[in-house]
Amino acid sequence: MKEYPQLGSKDTRSGFGEGLLEAGKRNENVVALCADLIGSVRMDLFQEAFPERMIECGIAESNMIGIAAGLALSGKVAFASSFAAFATGRVYDQIRQAVAYSNTNVKIAGSHAGITLGEDGATHQILEDIGMMKMLPNMVVLNPCDHNQTKAATIAAAEYDGPVYIRYGRPKVPVFIPEDMPFEIGKALVLNEGTDVTLVATGHLVWEALQAAKILEEEGISAEVIDIHTIKPLDNEAILKSVAKTNCLVGCEEHQYNGGLNESLAQLLVRNNPKPMEFIGIDDSFGESGTPDALMEKYGLKAQNIVEAAKRVIARK
Amino acid sequence: MATITELENISTQVRRDIIRMVNGVSSGHPGGSLGCADVMTALYFEVMDLDTANYKRDGKGEDMFFLSNGHISPVLYSVLARRGYFLVSELATFRKLGTRLQGHPSVHDELPGVRQASGSLGQGLSVGIGAALAKKFDSCDKLVYTLHGDGELQEGQIWEAIMFAGANKVDNLISIIDVNGLQIDGSTDQVCSLGNLRAKFEAFDWSIVEMNGNDMTDVIRGLNQAKAQAKQGKPVVVLMQTQMGFGVDFMQNKNKWHGTAPNDEQAAQALAQLKETLGDY
């Protein structure tokens, strides 16, 4: 199987911070807004380089989204960031009317997403944000898998004209996507080709899916691994092409099945090529405090869980 | 410069348009629209610096207006049409299937003059602040105007925005509050009292103007005063006293006309009180 050596261990939020800095260098119309979390969401790099383009809104996320929309319709590229829980759920109506329906060039940057936020617990571990954002017409939804891909996704979001939600996390996780890997919104990456089962993963679960594919290979099972960094628009063609070959699929995400990547995949298969599918993700529950690793294990998001799901789905073919 | 009489003639025709639009589809919000017909006429025909022939959504190089209380779309559409942003005949499509004149303003079909959707209350001040900050980034000396209902001030986001604008000295922003004292469920005092609005805005470090929004002479005076107070280190609020339904005797100061369209008989009665000055659409 194709090797993806671990290049280090970094948080995806730092990838966002580096990407935003680069986007700011490339385009003087890029502005950043934050709600009292500049260091946490890693907008500090941008703030140091372009202090006049950093707008501190205080703890007032609704107002932040509205200001971002006003800046965007006036010709700016407005990145508005907070913890993903507060950058999406808390301001859903503002995003719906002022960003999505008004089709303003606002980039909602949700940091600290998912259960791997860890010890802060369920209030901050949003597991519904992908669903909320993907339901909005006009909204592009990005969920990159490591530091390098998050940096590339941020730069791509800045260059795309229209509303984007970009989701990323807090913990240090393996870096494995080469820095020079091209990033195209809506274009899935087939990280490993296989014939027995398709593993479609997003965000932090892409690394776990690659580890699962290695374990499966040792057991004589050939797994195709697809990295879905763009939940919407989904790369239907890449997924259907793979399932035509493997005849089964496992969806892997750090999010509720309801409204998540798994739901999008299930819709795609049901409409085009109904085949057995298994879900790796959160099954209608909130999170809790714990280390990121302990939570991944408790909620069944580790490579071993993907291996077991792959065997179950192959048996159902 | 338009005379007061000329402006009053326009606002009378705008009131006719409002009645005919909401009656035509038996829905819509005449009360606040009628109350704001004078200030909207004054803004678009006298006060704002506009480049109507070269309308662009980004508003670069001109004053910008945002309607935060989007339900009074009839007055916005009428004034925009009468000002030449689109054909007056398009007013007949209000709220009908396929129209650009959606029940609440939309940018979906790029209706000239509408820069942002509104309808969900409390958001327009934040959007106006964003546009005002963009003008500062671009070293543009033009102003941003927003209009809000008084009941709308019950929304929490409004106070986030008021706090931000005061703290950040967004002084190229003029926000007009339509103080008619009425909302859907009754008077603002009964529903959730707004208290002393002047003192509240002063406490948030805004510059204050008060005016009678249903007296064109005072509207022009008040808006010019607001312009004079702009760019002095504080955002400007215009506390504008109006009567809901102003101009139609049986609608005046009655909250039932917030979102009720007159039937044919009531519309005829209303139109009899409003002279056709510019020609109906």
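To keep things clear, this report deals only with the structure shown in the data block. Per-chain numbering applies: the sequence of each chain, read as written, is numbered from 1 onward. Chain letters and ligand numbers both follow the written order, the letters beginning at A and the numbers at 1. Under the rules for a predicted model, residues below a pLDDT of 70 receive no local features and side-chain atom pairs below 80 are neither given nor counted, while totals for whole chains, interfaces and linings still include all residues. Each side-chain value is derived from all of the structure's non-hydrogen atoms; neither hydrogens nor water enter the calculation.

## Side note on the pattern of salt bridges
In what follows, salt bridge is the name for a side-chain nitrogen of Lys or Arg lying within 4 Å of a carboxyl oxygen of Asp or Glu. Applying the stated criterion to the full structure yields 29 salt bridges over all chains. A:Arg26 is the salt-bridge partner of A:Glu159, the closest N and O atoms lying 2.9 Å from each other. A residue pair is termed long-range when its members are at least 10 positions apart, and A:Glu159 in helix α7 (residues 147–159) and A:Arg26 in helix α1 (residues 12–26) qualify at 133 residues. Taken individually, A:Glu159 and A:Arg26 each receive the classification exposed, so the pair is uniform in this respect. Between B:Lys234 and B:Asp205 there is a salt bridge, with the nearest N and O atoms lying 3.4 Å from each other. With B:Lys234 in the loop between α9 (216–229) and β7 (236–241) and B:Asp205 in the loop between α8 (197–203) and β6 (207–212), this residue pair connects regions lying 29 residues apart in the sequence. Three or more residues are tied together by salt bridges with common partners; here these are B:Arg16, B:Arg20, B:Glu276 and B:Asp280. To qualify as a helix, a DSSP run of H or I must reach at least 4 residues; to qualify as a strand, a run of E must reach at least 2; elements of each kind are numbered from the N terminus. Relative accessible area decides the class of each residue, using a 1.4 Å probe on protein chains only: under 20% of the type maximum gives buried, over 50% gives exposed, and in between gives partly exposed.

## Examining the packing of helix α1 (residues 4–25) of chain B against helix α4 (residues 73–83) of chain B
Helices that pack against each other are described as a pair by the angle of their axes relative to one another and the distance between those axes. All names here are of chain B. Running from N to C, α1 and α4 cross one another at 125°; their axes reach a closest spacing of 9 Å. Our classification of the angle between α1 and α4 gives oblique. At the point where α1 passes α4, the crossing takes the right-handed sense. Note on element contacts: α4 touches α1 through Pro 74, Val 75, Tyr 77, Ser 78, Val 79 and Arg 82, opposite Gln 13, Val 14, Asp 17, Ile 18, Met 21 and Val 22. Its residues assigned to classes, the contact of α1 with α4 comprises 8 nonpolar, 2 polar and 2 charged. Fitted lines through C-alpha atoms serve as axes, helices being fitted only where they are in contact, and the angles separating the N-to-C directions of these axes extend from 0 to 180 degrees. By the definition adopted for this analysis, an angle is roughly parallel if under 35 degrees, roughly antiparallel if over 145, roughly perpendicular if from 65 to 115, and oblique otherwise. For any helix crossing, the convention is left-handed if the near helix is rotated counterclockwise from the far helix by under a right angle, and right-handed if that rotation is clockwise. We call two residues in contact whenever any of their non-hydrogen atoms come within 4.5 Å of each other. Polarity classes work like this: nonpolar for Ala, Val, Leu, Ile, Met, Phe, Trp, Tyr, Cys and Pro, charged for Asp, Glu, Lys and Arg, and polar for all others, with Gly in that last group.

## Focus on empty space enclosed by the protein
Put plainly, a pocket is an open set of points on a 1 Å grid over the protein atoms alone with protein on both sides within 12 Å along at least five of seven lines, a cavity is a set where a 1.4 Å probe fits but cannot get out, and a lining residue has an atom within 4 Å of a point. Grid points are joined across faces, edges and corners, and a volume is the space filled by probe spheres set on the points. Across all of its chains, the model carries 5 cavities of 30 Å³ or more by this definition. Within this model, the largest cavity holds a volume of roughly 140 Å³. Lining the largest cavity are 18 residues, and of these B:Phe66, B:Leu67, B:Gln116, B:Ala117 and B:Ser118 sit closest to its centre. Listed by contribution, the elements that provide at least two residues to the lining of the largest cavity are α5 (92–101) of chain A together with β1 (64–67) and α5 (124–137) of chain B. For the lining of the largest cavity, the leading source of residues is β1(B), giving 3 residues. Each residue belonging to the lining of the largest cavity can be placed in one class, and the counts come to 10 nonpolar, 7 polar and 1 charged. A volume near 70 Å³ is recorded for the second largest cavity.

## Description of the state of the cysteines
Residues and elements named next belong to chain A. Pairs of cysteine sulfur atoms within 2.5 Å are what we label disulfides. In this structure the tally under the stated criterion is 0 disulfides over all chains. Cys 34 takes part in no disulfide bond, and the closest cysteine sulfur to it belongs to Cys 57, at a distance of 8.0 Å. Judged by relative accessible area, Cys 34 falls into the buried class, the value being 0%. In this model Cys 248 remains outside any disulfide bridge; the closest cysteine sulfur is found in Cys 252, 12 Å from its own.

## Considering the packing of aromatic side chains
Only Phe, Tyr and Trp rings are paired, with Trp represented by its six-membered ring, and only when their centres lie within 6.5 Å; those with planes under 30 degrees apart are stacked, over 60 edge-to-face, the remainder tilted. Per the counting criterion, the structure on display carries 14 aromatic pairs over all chains. Aromatic side chains B:Tyr44 and B:Tyr85 sit 6.2 Å apart centroid to centroid with 80° between the ring planes, which places their arrangement in the edge-to-face category. Highlighted residues: B:Tyr44 in helix α3 (residues 37–47) and B:Tyr85 in the loop between α4 and α5, separated in sequence by 41 residues. B:Tyr44 sits in the buried class, given a relative accessible area of 4%. The class of B:Tyr85 is buried, set by a relative accessible area of 10%. Taken together, the aromatic side chains of B:Tyr44, B:Tyr55, B:Phe65 and B:Tyr85 make up a single cluster linked through ring pairs. Here the guanidinium or amino end of A:Arg53 rests over the ring plane of A:Phe50, the centre of that ring lying 4.0 Å away. The rule for a charge over a ring is simple: NZ of Lys or CZ of Arg within 6 Å of the ring centre, and within 35 degrees of the ring normal. Lying across the ring of B:Tyr281, B:Arg20 places its NZ or CZ 4.4 Å from the centre.

## Observations regarding the sheet that holds strand β12 (residues 230–232) of chain A
Residues and elements named next belong to chain A. Two strands are counted as paired when DSSP detects at least two bridges linking them. The strand order across the open sheet built from 7 strands is β3-β2-β4-β5-β7-β6-β12, with neighbouring strands paired in mixed fashion. Unpaired on one side and paired on the other, β3 (54–56) and β12 mark the two borders of the sheet. Mean inter-strand twist for the sheet, computed between neighbouring axes without regard to direction, equals 20°. Taken together, the 6 bridges between strand β4 (residues 77–83) and strand β5 (residues 106–111) define a ladder with parallel strand orientation. Counterpart to Phe 83 in the pairing with β5 is Ser 111. Across the sheet, α1 is in contact with β2 (30–34), β4 and β5; its angle to β2 comes to roughly 140°. Across the sheet, helix α3 (residues 61–73) is in contact with β2, β3, β4 and β5; its angle to β4 comes to roughly 165°.

## Examining the environment of A:Ser111
All names here are of chain A. Considering the arrangement of structural elements, one finds Ser 111 in strand β5. Judged by relative accessible area, Ser 111 falls into the buried class, the value being 0%. Distance in space between the C-alpha atoms of Ser 111 and Phe 79 is 12 Å, their sequence separation being 32 residues. Under the rule applied, a polar contact is a pair of N or O atoms within 3.5 Å (in protein, one hydrogen donor and one hydrogen acceptor; residues adjacent in sequence only if both atoms are side-chain atoms). In terms of polar contacts, Ser 111 uses its side chain to reach the side chain of His 112, at 2.7 Å.

## Quick word on the interface of chain B and chain A
The interface of chain B with chain A comprises 29 residues on the first partner and 27 residues on the second. The junction of chain B with chain A conceals about 2100 Å² of combined surface from both sides, 55% of it contributed by carbon and sulfur atoms. Joining two parts hides part of their accessible area as seen by a 1.4 Å probe, and the buried area is that hidden amount summed over both. If you sort the residues of chain B by the area they bury against chain A, B:Gln123, B:Phe137 and B:Glu160 come out on top, with a joint share of 26%. Put simply, chain B and chain A have 1 salt bridge between them. When the shortest N-O distance is used, the salt bridge between B:Asp138 and A:Lys76 registers 2.7 Å. One can count 15 residue pairs in polar contact (both at pLDDT 80 or more) joining chain B with chain A. For the side of chain B that touches chain A, the elements supplying multiple residues, two or more each, are β1, α5 and α6 (156–167) of chain B. The biggest single contributor to the side of chain B that touches chain A is α5(B), with 8 residues. Broken down by class, the residue content of the side of chain B that touches chain A amounts to 13 nonpolar, 10 polar and 6 charged.

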